[in-house]
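Remarks on the overall topology
Each chain, letter by letter, is given below.
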Amino acid sequence: MTIKRVRVSDLRPGMFVHDLDCGWLHHGFLRQQFPIRDGEVIQKMKRQGLELIYIDTGKGDDVPDAVTQAEIREDVDRRLQVTAEAGPTVTPKRVSHQEEAIAAKLIVSDGLRVVDSMLEDVRIGRQVNIARAEPLVREINASVLRNPGALISLCRIKQADTYTFQHCVSICTLLIAFSHALGMDAATVEEAGMGGLLHDLGKTKVPLEILNKPGRLTEDEYTIMKTHAAFSRDLLVGVPGVSELAIRIASEHHEKIGGGGYPRGIVGEEISQIGRMAAIVDIYDALSSNRVYHKGMEPSYALKKLLEWSGTHLDGDLVQLFIRTLGIYPVGSLVRLSGGRLAVVAEQGEDLLRPVVRVIFDTDLNIGLQPSELHLDQSVEQIESYEDPVDWGLKPEDYLG
(Lines give C-alpha, C1' and ligand atoms only; values in the text may rest on other atoms or scores of the structure.)
Protein backbone atom coordinates (compact mmCIF):
# COMPACT_ATOMS: atom_id res chain seq x y z
CA MET A 1 0.00 0.00 0.00
CA THR A 2 1.29 3.47 -0.94
CA ILE A 3 -0.46 6.68 0.02
CA LYS A 4 0.08 9.49 -2.49
CA ARG A 5 -1.00 13.10 -2.77
CA VAL A 6 -2.56 13.95 -6.12
CA ARG A 7 -4.32 16.88 -7.72
CA VAL A 8 -8.08 16.58 -8.01
CA SER A 9 -7.65 17.33 -11.72
CA ASP A 10 -5.64 14.08 -12.03
CA LEU A 11 -8.30 11.89 -10.42
CA ARG A 12 -10.06 9.22 -12.46
CA PRO A 13 -12.76 6.61 -11.73
CA GLY A 14 -11.09 3.51 -10.31
CA MET A 15 -8.97 5.41 -7.78
CA PHE A 16 -9.53 5.23 -4.02
CA VAL A 17 -9.65 8.34 -1.86
CA HIS A 18 -7.67 7.82 1.35
CA ASP A 19 -8.03 11.32 2.81
CA LEU A 20 -9.68 14.50 1.54
CA ASP A 21 -7.02 16.37 3.56
CA CYS A 22 -9.30 19.15 4.73
CA GLY A 23 -10.52 17.86 8.06
CA TRP A 24 -10.59 21.35 9.61
CA LEU A 25 -13.88 22.23 7.93
CA HIS A 26 -17.22 21.00 6.71
CA HIS A 27 -16.65 19.87 3.14
CA GLY A 28 -19.85 18.33 1.83
CA PHE A 29 -18.61 14.71 1.93
CA LEU A 30 -19.98 12.25 4.45
CA ARG A 31 -16.76 10.18 4.50
CA GLN A 32 -13.06 10.79 4.17
CA GLN A 33 -12.34 7.46 2.45
CA PHE A 34 -14.24 6.04 -0.55
CA PRO A 35 -13.75 4.65 -4.08
CA ILE A 36 -14.20 6.98 -7.03
CA ARG A 37 -16.87 5.29 -9.14
CA ASP A 38 -17.72 8.09 -11.55
CA GLY A 39 -16.77 11.57 -12.66
CA GLU A 40 -19.53 13.24 -10.64
CA VAL A 41 -17.59 12.68 -7.40
CA ILE A 42 -14.58 14.43 -8.93
CA GLN A 43 -16.74 17.34 -10.07
CA LYS A 44 -18.15 17.62 -6.55
CA MET A 45 -14.60 17.90 -5.16
CA LYS A 46 -13.90 20.71 -7.60
CA ARG A 47 -17.11 22.50 -6.63
CA GLN A 48 -16.05 22.29 -2.98
CA GLY A 49 -12.70 23.92 -3.77
CA LEU A 50 -10.58 20.80 -3.13
CA GLU A 51 -7.30 20.78 -5.04
CA LEU A 52 -5.10 18.11 -3.45
CA ILE A 53 -6.21 14.86 -1.83
CA TYR A 54 -4.58 11.56 -0.86
CA ILE A 55 -5.22 8.30 -2.68
CA ASP A 56 -4.47 4.71 -1.63
CA THR A 57 -2.79 2.89 -4.51
CA GLY A 58 -3.31 -0.43 -2.77
CA LYS A 59 -7.07 -0.07 -3.09
CA GLY A 60 -7.32 1.67 -6.44
CA ASP A 61 -5.48 2.97 -9.49
CA ASP A 62 -2.20 4.87 -9.26
CA VAL A 63 -0.80 8.21 -10.44
CA PRO A 64 2.80 7.10 -11.10
CA ASP A 65 4.58 10.45 -10.72
CA ALA A 66 2.63 11.64 -7.68
CA VAL A 67 4.54 12.38 -4.48
CA THR A 68 4.11 9.92 -1.60
CA GLN A 69 2.86 10.77 1.85
CA ALA A 70 6.21 9.64 3.30
CA GLU A 71 8.08 12.07 1.05
CA ILE A 72 5.77 14.90 2.09
CA ARG A 73 6.32 14.17 5.78
CA GLU A 74 10.07 14.11 5.26
CA ASP A 75 9.91 17.49 3.53
CA VAL A 76 7.73 18.96 6.30
CA ASP A 77 10.19 17.77 8.96
CA ARG A 78 13.03 19.40 7.02
CA ARG A 79 11.17 22.70 6.78
CA LEU A 80 10.27 22.52 10.46
CA GLN A 81 13.96 22.20 11.29
CA VAL A 82 14.72 25.27 9.15
CA THR A 83 11.98 27.16 10.98
CA ALA A 84 13.38 26.14 14.36
CA GLU A 85 16.85 27.31 13.40
CA ALA A 86 15.46 30.78 12.61
CA GLY A 87 14.55 31.19 16.29
CA PRO A 88 11.50 32.65 18.04
CA THR A 89 9.75 35.91 17.17
CA VAL A 90 7.85 36.36 20.43
CA THR A 91 8.03 39.50 22.51
CA PRO A 92 10.05 38.93 25.71
CA LYS A 93 7.73 37.78 28.52
CA ARG A 94 7.17 40.17 31.39
CA VAL A 95 5.53 37.71 33.80
CA SER A 96 5.43 33.94 34.21
CA HIS A 97 2.72 31.74 32.74
CA GLN A 98 1.37 31.00 36.22
CA GLU A 99 1.04 34.70 37.03
CA GLU A 100 -0.73 35.49 33.75
CA ALA A 101 -3.03 32.44 33.88
CA ILE A 102 -5.39 34.12 36.35
CA ALA A 103 -5.82 37.22 34.18
CA ALA A 104 -6.16 35.04 31.06
CA LYS A 105 -9.11 33.13 32.56
CA LEU A 106 -10.92 36.37 33.34
CA ILE A 107 -10.26 37.69 29.83
CA VAL A 108 -11.69 34.55 28.20
CA SER A 109 -14.77 34.72 30.40
CA ASP A 110 -15.26 38.40 29.55
CA GLY A 111 -14.62 37.65 25.87
CA LEU A 112 -17.39 35.06 25.70
CA ARG A 113 -19.91 37.56 27.07
CA VAL A 114 -18.83 40.28 24.64
CA VAL A 115 -18.95 38.05 21.56
CA ASP A 116 -22.29 36.59 22.65
CA SER A 117 -23.79 40.06 22.97
CA MET A 118 -22.47 41.18 19.57
CA LEU A 119 -23.82 38.08 17.86
CA GLU A 120 -27.19 38.62 19.54
CA ASP A 121 -27.27 42.22 18.26
CA VAL A 122 -26.76 40.98 14.71
CA ARG A 123 -29.44 38.30 15.10
CA ILE A 124 -32.08 40.87 16.08
CA GLY A 125 -31.07 43.29 13.34
CA ARG A 126 -28.99 45.83 15.26
CA GLN A 127 -25.80 47.29 13.87
CA VAL A 128 -22.60 45.94 15.40
CA ASN A 129 -21.45 48.13 18.29
CA ILE A 130 -17.70 47.73 18.58
CA ALA A 131 -17.43 50.09 21.56
CA ARG A 132 -18.14 47.17 23.90
CA ALA A 133 -15.42 45.10 22.20
CA GLU A 134 -12.62 47.67 22.24
CA PRO A 135 -11.73 47.25 25.95
CA LEU A 136 -11.62 43.47 25.47
CA VAL A 137 -9.23 43.74 22.51
CA ARG A 138 -6.97 46.00 24.57
CA GLU A 139 -7.02 43.49 27.46
CA ILE A 140 -6.13 40.63 25.12
CA ASN A 141 -3.29 42.67 23.64
CA ALA A 142 -1.95 43.50 27.10
CA SER A 143 -2.09 39.83 28.13
CA VAL A 144 -0.21 38.77 24.99
CA LEU A 145 2.47 41.34 25.73
CA ARG A 146 2.83 40.09 29.31
CA ASN A 147 2.96 36.40 28.37
CA PRO A 148 1.39 35.17 25.09
CA GLY A 149 1.42 31.49 26.00
CA ALA A 150 -1.03 31.87 28.89
CA LEU A 151 -3.97 33.15 26.86
CA ILE A 152 -3.13 31.23 23.68
CA SER A 153 -3.00 27.88 25.51
CA LEU A 154 -6.22 28.63 27.39
CA CYS A 155 -8.03 29.48 24.14
CA ARG A 156 -7.50 25.91 22.89
CA ILE A 157 -10.00 24.62 25.47
CA LYS A 158 -13.47 24.90 23.96
CA GLN A 159 -16.96 23.67 24.81
CA ALA A 160 -19.40 22.56 22.14
CA ASP A 161 -22.16 24.96 23.15
CA THR A 162 -19.90 28.05 23.11
CA TYR A 163 -17.50 27.06 20.34
CA THR A 164 -18.24 30.02 18.05
CA PHE A 165 -17.69 32.54 20.87
CA GLN A 166 -14.46 30.87 21.98
CA HIS A 167 -13.22 30.58 18.40
CA CYS A 168 -13.62 34.34 17.91
CA VAL A 169 -11.64 35.08 21.10
CA SER A 170 -8.97 32.62 19.95
CA ILE A 171 -8.61 34.23 16.51
CA CYS A 172 -8.38 37.66 18.12
CA THR A 173 -5.61 36.43 20.44
CA LEU A 174 -3.66 34.59 17.75
CA LEU A 175 -3.84 37.49 15.30
CA ILE A 176 -2.60 39.91 17.95
CA ALA A 177 0.39 37.67 18.73
CA PHE A 178 1.04 37.14 15.00
CA SER A 179 0.83 40.88 14.29
CA HIS A 180 3.36 41.64 17.02
CA ALA A 181 5.69 39.07 15.42
CA LEU A 182 5.51 41.02 12.15
CA GLY A 183 6.39 44.24 13.98
CA MET A 184 3.09 46.00 13.30
CA ASP A 185 2.39 49.24 15.16
CA ALA A 186 0.10 49.28 18.19
CA ALA A 187 -2.95 50.65 16.34
CA THR A 188 -2.68 48.05 13.57
CA VAL A 189 -2.27 45.25 16.11
CA GLU A 190 -5.53 46.26 17.79
CA GLU A 191 -7.30 46.53 14.42
CA ALA A 192 -6.16 42.97 13.66
CA GLY A 193 -7.46 41.81 17.02
CA MET A 194 -10.81 43.47 16.39
CA GLY A 195 -11.02 41.81 12.98
CA GLY A 196 -10.36 38.45 14.59
CA LEU A 197 -13.08 39.02 17.16
CA LEU A 198 -15.61 39.98 14.46
CA HIS A 199 -14.55 37.64 11.66
CA ASP A 200 -17.40 35.13 12.05
CA LEU A 201 -20.33 37.48 12.65
CA GLY A 202 -21.81 36.26 9.37
CA LYS A 203 -22.53 32.89 10.93
CA THR A 204 -25.58 34.50 12.52
CA LYS A 205 -27.10 34.43 9.01
CA VAL A 206 -26.56 30.67 8.66
CA PRO A 207 -29.53 28.53 9.80
CA LEU A 208 -28.91 27.04 13.26
CA GLU A 209 -29.69 23.52 12.05
CA ILE A 210 -26.70 23.82 9.70
CA LEU A 211 -24.41 25.77 12.04
CA ASN A 212 -24.94 23.32 14.92
CA LYS A 213 -25.26 20.11 12.93
CA PRO A 214 -23.32 17.38 14.82
CA GLY A 215 -22.25 15.50 11.69
CA ARG A 216 -20.92 16.23 8.23
CA LEU A 217 -22.84 18.71 6.09
CA THR A 218 -24.37 17.78 2.77
CA GLU A 219 -23.08 19.56 -0.32
CA ASP A 220 -26.04 21.96 -0.29
CA GLU A 221 -25.60 22.67 3.42
CA TYR A 222 -21.90 23.32 2.92
CA THR A 223 -22.70 25.77 0.13
CA ILE A 224 -24.91 27.68 2.56
CA MET A 225 -22.23 27.55 5.29
CA LYS A 226 -19.72 29.15 2.93
CA THR A 227 -21.88 32.27 2.64
CA HIS A 228 -20.87 33.34 6.16
CA ALA A 229 -17.64 35.05 5.04
CA ALA A 230 -19.48 37.34 2.62
CA PHE A 231 -22.15 37.99 5.26
CA SER A 232 -19.43 38.93 7.77
CA ARG A 233 -17.99 41.43 5.31
CA ASP A 234 -21.39 42.94 4.54
CA LEU A 235 -22.26 43.31 8.22
CA LEU A 236 -19.06 45.25 8.93
CA VAL A 237 -18.93 47.57 5.90
CA GLY A 238 -19.98 51.04 7.00
CA VAL A 239 -19.98 50.29 10.74
CA PRO A 240 -18.39 53.24 12.59
CA GLY A 241 -14.96 52.36 13.95
CA VAL A 242 -14.48 49.16 11.92
CA SER A 243 -11.30 49.47 9.85
CA GLU A 244 -10.70 48.21 6.33
CA LEU A 245 -8.12 45.83 7.80
CA ALA A 246 -10.77 44.25 10.07
CA ILE A 247 -13.14 43.89 7.11
CA ARG A 248 -10.40 42.15 5.13
CA ILE A 249 -10.00 39.60 7.92
CA ALA A 250 -13.73 38.85 7.91
CA SER A 251 -13.97 38.57 4.13
CA GLU A 252 -10.69 36.77 3.33
CA HIS A 253 -10.08 34.24 6.13
CA HIS A 254 -11.34 31.38 3.92
CA GLU A 255 -9.49 32.37 0.75
CA LYS A 256 -6.63 30.11 -0.44
CA ILE A 257 -3.36 31.38 -1.81
CA GLY A 258 -3.55 28.88 -4.68
CA GLY A 259 -7.19 29.68 -5.44
CA GLY A 260 -10.37 27.72 -4.79
CA GLY A 261 -11.24 29.52 -1.56
CA TYR A 262 -14.32 31.60 -0.82
CA PRO A 263 -16.18 33.90 -1.11
CA ARG A 264 -14.28 35.40 -4.09
CA GLY A 265 -11.77 32.71 -5.06
CA ILE A 266 -8.92 35.23 -5.23
CA VAL A 267 -5.29 34.04 -5.35
CA GLY A 268 -1.79 34.95 -4.17
CA GLU A 269 -1.27 38.60 -3.33
CA GLU A 270 -4.82 39.42 -4.37
CA ILE A 271 -5.43 38.29 -0.80
CA SER A 272 -4.20 40.96 1.61
CA GLN A 273 -1.39 40.11 4.02
CA ILE A 274 -3.78 40.28 6.96
CA GLY A 275 -6.21 38.02 5.07
CA ARG A 276 -3.44 35.46 4.54
CA MET A 277 -2.56 35.69 8.24
CA ALA A 278 -6.21 35.22 9.21
CA ALA A 279 -6.45 32.08 7.04
CA ILE A 280 -3.47 30.58 8.88
CA VAL A 281 -4.75 31.26 12.39
CA ASP A 282 -8.31 30.24 11.51
CA ILE A 283 -7.18 26.85 10.20
CA TYR A 284 -4.77 26.34 13.10
CA ASP A 285 -7.47 27.03 15.68
CA ALA A 286 -9.99 24.79 13.90
CA LEU A 287 -7.46 21.96 13.58
CA SER A 288 -6.36 22.08 17.21
CA SER A 289 -9.86 22.36 18.72
CA ASN A 290 -12.28 19.57 19.50
CA ARG A 291 -15.53 19.82 17.54
CA VAL A 292 -18.67 17.74 17.53
CA TYR A 293 -17.64 16.22 14.20
CA HIS A 294 -13.87 15.92 14.67
CA LYS A 295 -11.25 15.51 17.39
CA GLY A 296 -8.72 18.29 17.60
CA MET A 297 -5.08 17.66 16.68
CA GLU A 298 -2.26 18.28 19.09
CA PRO A 299 -0.79 21.76 18.41
CA SER A 300 2.56 20.52 17.05
CA TYR A 301 0.84 18.24 14.54
CA ALA A 302 -1.50 21.06 13.50
CA LEU A 303 1.55 23.25 12.80
CA LYS A 304 2.98 20.51 10.58
CA LYS A 305 -0.27 20.47 8.60
CA LEU A 306 0.08 24.22 8.06
CA LEU A 307 3.53 23.61 6.57
CA GLU A 308 2.12 20.84 4.40
CA TRP A 309 -0.54 23.17 3.00
CA SER A 310 1.92 26.00 2.35
CA GLY A 311 1.88 27.18 -1.24
CA THR A 312 -1.49 25.64 -2.09
CA HIS A 313 -3.75 26.90 0.69
CA LEU A 314 -1.48 29.11 2.78
CA ASP A 315 1.36 31.63 2.45
CA GLY A 316 4.48 29.58 3.26
CA ASP A 317 6.58 32.49 4.57
CA LEU A 318 3.81 33.58 6.91
CA VAL A 319 3.28 29.99 8.10
CA GLN A 320 6.93 29.79 9.14
CA LEU A 321 6.63 33.09 10.98
CA PHE A 322 3.46 31.89 12.73
CA ILE A 323 5.24 28.73 13.90
CA ARG A 324 8.10 30.84 15.24
CA THR A 325 5.48 32.89 17.10
CA LEU A 326 3.86 29.90 18.82
CA GLY A 327 6.91 27.64 19.04
CA ILE A 328 7.50 24.21 17.50
CA TYR A 329 5.88 22.82 20.63
CA PRO A 330 3.27 25.44 21.65
CA VAL A 331 2.59 26.10 25.33
CA GLY A 332 0.20 23.47 26.65
CA SER A 333 1.51 20.68 24.39
CA LEU A 334 2.07 17.28 25.99
CA VAL A 335 5.45 15.86 25.00
CA ARG A 336 7.49 12.72 25.70
CA LEU A 337 11.06 13.31 26.80
CA SER A 338 13.99 11.16 25.75
CA GLY A 339 14.12 9.65 29.25
CA GLY A 340 10.54 8.38 28.97
CA ARG A 341 8.78 10.95 31.13
CA LEU A 342 5.86 13.09 29.93
CA ALA A 343 5.90 16.86 30.29
CA VAL A 344 3.73 19.86 29.48
CA VAL A 345 5.34 22.73 27.59
CA ALA A 346 5.23 25.71 29.96
CA GLU A 347 7.28 28.45 28.27
CA GLN A 348 9.10 29.09 25.02
CA GLY A 349 12.81 29.86 25.09
CA GLU A 350 15.48 31.00 22.65
CA ASP A 351 15.70 27.45 21.25
CA LEU A 352 12.34 26.48 19.73
CA LEU A 353 13.16 22.77 20.04
CA ARG A 354 14.09 23.05 23.73
CA PRO A 355 11.36 24.93 25.62
CA VAL A 356 10.76 25.04 29.37
CA VAL A 357 8.57 22.08 30.36
CA ARG A 358 6.80 20.83 33.47
CA VAL A 359 7.51 17.11 34.02
CA ILE A 360 4.33 15.36 35.21
CA PHE A 361 4.29 11.61 34.41
CA ASP A 362 6.59 8.57 34.41
CA THR A 363 5.65 6.26 31.52
CA ASP A 364 7.87 3.40 32.77
CA LEU A 365 6.18 3.27 36.17
CA ASN A 366 2.83 4.53 34.81
CA ILE A 367 2.45 7.01 37.66
CA GLY A 368 1.97 10.74 37.98
CA LEU A 369 4.83 12.81 39.33
CA GLN A 370 5.05 15.90 41.47
CA PRO A 371 5.28 18.54 38.71
CA SER A 372 8.78 19.93 38.32
CA GLU A 373 10.11 22.53 35.92
CA LEU A 374 12.85 21.56 33.48
CA HIS A 375 14.74 23.92 31.17
CA LEU A 376 15.53 21.68 28.20
CA ASP A 377 18.18 24.05 26.88
CA GLN A 378 20.14 23.19 30.04
CA SER A 379 19.34 19.47 30.13
CA VAL A 380 20.60 16.28 28.48
CA GLU A 381 16.94 15.29 28.02
CA GLN A 382 15.19 16.45 24.87
CA ILE A 383 11.73 16.15 23.34
CA GLU A 384 11.28 12.84 21.57
CA SER A 385 7.67 13.21 20.37
CA TYR A 386 4.38 14.90 21.11
CA GLU A 387 1.61 12.91 22.76
CA ASP A 388 -2.17 12.88 22.81
CA PRO A 389 -3.28 13.75 26.39
CA VAL A 390 -6.40 11.58 25.98
CA ASP A 391 -4.20 8.50 25.61
CA TRP A 392 -2.79 9.15 29.08
CA GLY A 393 -5.90 10.54 30.78
CA LEU A 394 -4.14 13.86 31.34
CA LYS A 395 -5.26 17.48 31.03
CA PRO A 396 -2.21 19.66 30.31
CA GLU A 397 -4.04 22.81 31.38
CA ASP A 398 -4.22 21.46 34.92
CA TYR A 399 -0.44 21.82 35.18
CA LEU A 400 -0.12 25.37 33.85
CA GLY A 401 -2.25 27.48 36.20
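Residue positions are given per chain, counting from 1 as you read along its sequence in written order. Only residues with pLDDT of 70 or above have their local features reported here, since the model is predicted, and side-chain atom pairs are shown and tallied only from 80 upward, although totals for entire chains, interfaces and linings are computed over all residues. Values shown for side chains rest on all heavy atoms present in the structure; no hydrogens or waters enter the calculation.

1. Considerations on the overall build of the chain
Defined as follows: Segments assigned H or I by DSSP are reported as helices when at least four residues long, segments assigned E as strands when at least two residues long, and all are numbered from the N terminus. For the radius of gyration, the atoms used are the C-alpha atoms, and the globule rule reads 2.2 Å times the number of residues raised to 0.38. Using the Shrake-Rupley algorithm and a 1.4 Å probe, accessible areas are obtained, with residue cover drawn only from the displayed protein chains.
Of regular secondary structure, the chain possesses 15 helices and 10 strands. Against the compact-globule benchmark of 21 Å for 401 residues, the chain has a radius of gyration of 21 Å, which places it among compact chains. Just so you have it, the chain exposes about 16800 Å², and 49% of that area is on carbon and sulfur atoms.

2. Focus: the sheet that holds strand E1 (residues 3-7)
Threshold: Here, strands pair whenever DSSP counts at least two bridges between them.
The 5 strands lie next to each other as E3-E2-E4-E1-E5, forming an open sheet whose pairing is antiparallel. Lying at the two open borders of the sheet, with one neighbouring strand each, are strand E3 (34-35) and strand E5 (67-68). As paired strands, E1 and E5 are joined by 2 bridges and run antiparallel to one another. Its bridge partner lying in E5, Arg5 is registered against Val67.

3. Considerations on unusual backbone geometry
In the segment running from Tyr262 into Pro263, the intervening peptide bond is cis, with an omega of 15 degrees. Structurally, Pro263 can be placed in the loop between helix H11 (244-252) and helix H12 (273-287). Notably, Asn366 is not glycine yet its phi reads approximately 60 degrees, a positive angle. Relative to the assigned elements, Asn366 resides in the loop between strand E8 (356-362) and strand E9 (367-375).

4. Observations regarding the confidence of the model for the chain
Using the following cut-off: Note: pLDDT gives the predictor's confidence per residue, expressed from 0 to 100.
Across the chain, pLDDT averages 91, with 97% of residues at or above 70. For the chain, the element scoring lowest by mean pLDDT is helix H8 (residues 208-211), at 87; H11 scores highest, at 98.

5. Points about helix H3 (residues 97-123)
Definition in use: Given a helix with a known number of residues, its expected span is that number minus one, times 1.5 Å. The bend reported for a residue corresponds to the angle between axes fitted to the seven residues ending at that residue and the seven starting there.
Taking 1.5 Å of rise per residue, the 27 residues of H3 would be expected to cover 39 Å, and the 37 Å separating its terminal C-alpha atoms lies within 8% of that figure. At Ala103, H3 shows its largest bend, some 25 degrees. Just past H3, the residue Gly125 takes up positive phi, approximately 90 degrees.

6. Here's the deal with the packing of helix H2 (residues 69-86) against helix H14 (residues 316-326)
Describing two packed helices takes the angle between their axes plus the distance from one axis to the other. Test applied: Note on method: axes are straight lines fitted to C-alpha atoms, helices fitted across the in-contact stretch only, with angles between N-to-C directions ranging 0 to 180 degrees. Should an angle lie under 35 degrees it is considered roughly parallel, over 145 roughly antiparallel, and from 65 to 115 roughly perpendicular; all remaining angles are considered oblique. Note on convention: near helix rotated counterclockwise from far helix by under a right angle means a left-handed crossing. Clockwise means right-handed. Contacts are residue-level and defined by heavy atoms, with any inter-residue pair within 4.5 Å sufficient. Only Asp, Glu, Lys and Arg are considered charged in this grouping, and only Ala, Val, Leu, Ile, Met, Phe, Trp, Tyr, Cys and Pro are considered nonpolar; every other residue, Gly among them, is considered polar.
Relative orientation of the contacting elements H2 and H14 amounts to 60 degrees, with a least axis distance of 9 Å. Viewed along their axes, H2 and H14 adopt a mutual orientation that is oblique. The element H2 and its partner H14 pack so that their crossing is right-handed. Note on element contacts: H14 touches H2 through Gln320, Ile323 and Arg324, opposite Arg79, Leu80, Thr83 and Ala86. Residue classes in the contact of H2 with H14 are distributed as 3 nonpolar, 2 polar and 2 charged.

7. Considerations on the side chain of Ser310
Relative to the helices and strands, Ser310 resides in the loop between helix H13 (299-308) and H14. In contact with Ser310, not counting residues within four places along its chain, are Arg79, Gly316 and Val319.

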